[in-house]
Amino acid sequence: MSELGQVLKEAREEKGITLDDIQRITKIQRRYLEAIERGHFHVLPGHFYARAFIKSYAEAVGLDPNHIMSHFQSDLPAQPPQEQLERLRRRRVATTSNPLQAGKWVTKTLLVLFVGLIIGVIYVAAVNSDGFTTQPVPGGNLNPGAEVVGPGQGGTPTPVPQVPQAQTPSPPAVTPETTPENGATAPGETPQSVLTFESQQGSLYKYTLTGGDKIIVKIKAVSDSCWYGAAETQVKKFPKQGTLSKDQEAEIELGKTAYIRLGKPSAVQVTVNGTPLDTSKLKFMPSNVSITLEQPVTQ
């Protein structure tokens, strides 16, 4: 079994979905689904259908198909040389099949450009001829530097008085209040919990949490749907699980420890006791998060 097939199978089993359910959702025959899980991609009907089937499978179990395709590129079936040559041959035939139509299109384009150029030249000539028309000067001679004044424009121009503009007083500077919403802690408020990253082992990310007597995890889907599972320890079947559509959220209350699995971490926002957990650092699909609550040392 390939690593790609193992990831898809684990995601399906964690959601409690059978191959018959996947077949009903994706309209892909069960024997092809079994071949994908076992890594027998040669059974699939061609390179194009193999990739399409894998994408459909990933979407059905709540995984990101684009991430799956890029992350397991080495496991995917390579495009056969014969198929590549066939596509190249079709492109060449489509390009050279109808040269007469291509020639007609070029001729029409050149004709339109030529007509537009003629219209532009005529317009520029007309504008320039109007701009350089001057009234004849009585006496026939014009002294160098003399200004030509049209009828009704004689005399010294009357200056227009400038109306002073009233100055608008600037509003007094306002000092923003420090409130709990803009990041400050109000008097008497309990300090926020601190979530600290400890280590990573493959797809498992370990954190410690200080503050509070229990762990409350909130998960919100912000960009896409995501499957999640939650328990106090690592288990094969999660007692609390589900699939969140976009803009849906779930709140999970646990004890002193928590074990969370996210099918698509990049699609959700996660907070632990009100403290954000940076899901951009969870690079695996799915990713596992282990949280241990530590009591602060009293003086």
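Residues numbered from 1 in each chain as written. Predicted model: local features only at pLDDT ≥ 70, side-chain atom pairs only at ≥ 80, totals over all residues. Heavy atoms only, no water.

Engineer: Describe in detail the sheet that holds strand β6 (residues 249–254), supporting the description with residues and values.
Structural biologist: Here we have four strands laid out as an open sheet, ordered β6-β3-β8-β9, and antiparallel in their pairing. Both outer strands of the open sheet, β6 and β9 (275–277), are each paired with one neighbouring strand and no more. Sheet twist, expressed as the mean angle between neighbouring strand axes with direction ignored, is 25°. In this structure, strand β3 (residues 215–221) lies alongside strand β8 (residues 268–272), joined through five bridges in antiparallel fashion. Across the sheet, Ala221 pairs through a bridge with Val268, a residue of β8. (Pairing = 2+ DSSP bridges. Helix = DSSP H or I, 4+ residues; strand = E, 2+ residues; numbered from the N terminus. Axes fitted to C-alpha atoms, helices over the stretch in contact; angles between N-to-C directions.)

Engineer: Give me the layout of surface pockets: which residues, what numbers.
Structural biologist: Empty space within the largest pocket amounts to approximately 230 Å³. The wall of the largest pocket is formed by 14 residues, among which Val7, Ser203, Phe284, Met285 and Pro286 lie closest to the centre. Looking at the lining of the largest pocket, the elements that each hand over two or more residues are α1 (3–14) and α5 (65–71). In terms of residues, the lining of the largest pocket owes the most to one element, α1, which gives four residues. (1 Å grid on protein atoms, 1.4 Å probe; cavity = no way out; pocket = protein on both sides within 12 Å on 5 of 7 lines; lining within 4 Å. Points joined across faces, edges and corners; volume = space filled by probe spheres on them.)

Engineer: Outline the packing of aromatic side chains, listing residues and values.
Structural biologist: Evaluation of the coordinates by the stated rule reveals five aromatic pairs. Geometrically, the ring pair formed by Tyr49 and Phe53 is tilted, given 6.1 Å between the ring centres and 55° between the ring planes. In this pair, Tyr49 and Phe53 are both assigned in helix α4 (residues 47–60), four residues apart and thus about one turn of the helix distant. By relative accessible area, which is 14% here, Phe53 ends up buried. Cluster of aromatic residues (ring-pair linked, three or more members): Tyr32, Tyr49 and Phe53. (Phe/Tyr/Trp six-rings, centres within 6.5 Å; stacked < 30°, edge-to-face > 60°. Buried < 20%, exposed > 50% of the residue type's maximum accessible area, 1.4 Å probe, protein only.)

Engineer: Which residues make up the pairing of strand β4 (residues 226–231), and what values go with them?
Structural biologist: Counting buried positions along β4 yields six of six residues, so the element is predominantly enclosed. A two-sided burial pattern is seen for β4, the buried positions comprising Cys226, Tyr228 and Ala230 on one face and Trp227, Gly229 and Ala231 on the other. The pairing of β4 with strand β5 (residues 240–244) spans five bridges and is antiparallel. Bridge assignment links Gly229 to a residue of β5, and that residue is Gln241. The pairing of β4 with strand β7 (residues 257–262) spans four bridges and is antiparallel.

Engineer: Explain helix α2 (residues 19–26) to me, using residue names and the numbers behind them.
Structural biologist: If you check which residues of α2 are buried, you get Leu19, Ile22 and Thr26. Looking straight down α2, one finds that the buried residues subtend no more than 55° of arc, so they occupy a single side. If you follow the buried residues of α2, they end up packed against α1, α3 (30–38) and α4. Positive phi shows up at Lys27, right after α2, with a value of about 65°. (Arc of directions from axis to C-beta. Contact = heavy atoms within 4.5 Å.)

Engineer: So, the packing of α3 against α4: which residues are in play, and what are the values?
Structural biologist: At their nearest, the axes of α3 and α4 sit 11 Å apart, and the two run at 85° to each other. By the angle between their directions, the pair α3 and α4 is classed as roughly perpendicular. Of the residues in α4, those in contact with Tyr32, Leu33, Ile36 and Glu37 of α3 are Phe53, Ile54 and Tyr57. Its residues assigned to classes, the contact of α3 with α4 comprises six nonpolar, no polar and one charged. (Parallel < 35°, antiparallel > 145°, perpendicular 65-115°, else oblique. Nonpolar A, V, L, I, M, F, W, Y, C, P; charged D, E, K, R; others polar.)

Engineer: Pulling in residues and values, what's your account of the sheet that holds β5?
Structural biologist: With mixed pairing, six strands are arranged side by side in an open sheet as β1-β2-β10-β7-β4-β5. The sheet is open, and its two edges are formed by β1 (194–201) and β5, each paired on a single side. Ignoring which end each strand starts from, the neighbouring axes of this sheet average 20° apart. Where strand β2 (residues 204–210) lies against strand β10 (residues 287–294), seven bridges are found, and the strand directions are parallel. Residue pairing across strands places Leu204 opposite Asn288, the latter belonging to β10.

Engineer: Give me the environment of Pro276: which residues, what numbers.
Structural biologist: Along the polypeptide, Pro276 turns up in strand β9. In this structure, the C-alpha to C-alpha distance between Pro276 and Val194, residues 82 residues apart in sequence, is 9.6 Å. In contact with Pro276, other than residues within four places in its own chain, are Leu195, Val270 and Thr271.

Engineer: Pulling in residues and values, what's your account of empty space enclosed by the protein?
Structural biologist: Scanning the model with the defined rule gives one cavity of 30 Å³ or more in all. As a volume, the largest cavity reaches approximately 40 Å³. Lining the largest cavity are Val217, Ile219, Ile260, Leu262, Val270, Leu277, Leu282, Val289 and Ile291. Residue assignment for the lining of the largest cavity shows that the elements contributing at least two residues are β3, β7 and β10. Partitioned by chemical class, the residues of the lining of the largest cavity number nine nonpolar, no polar and no charged.

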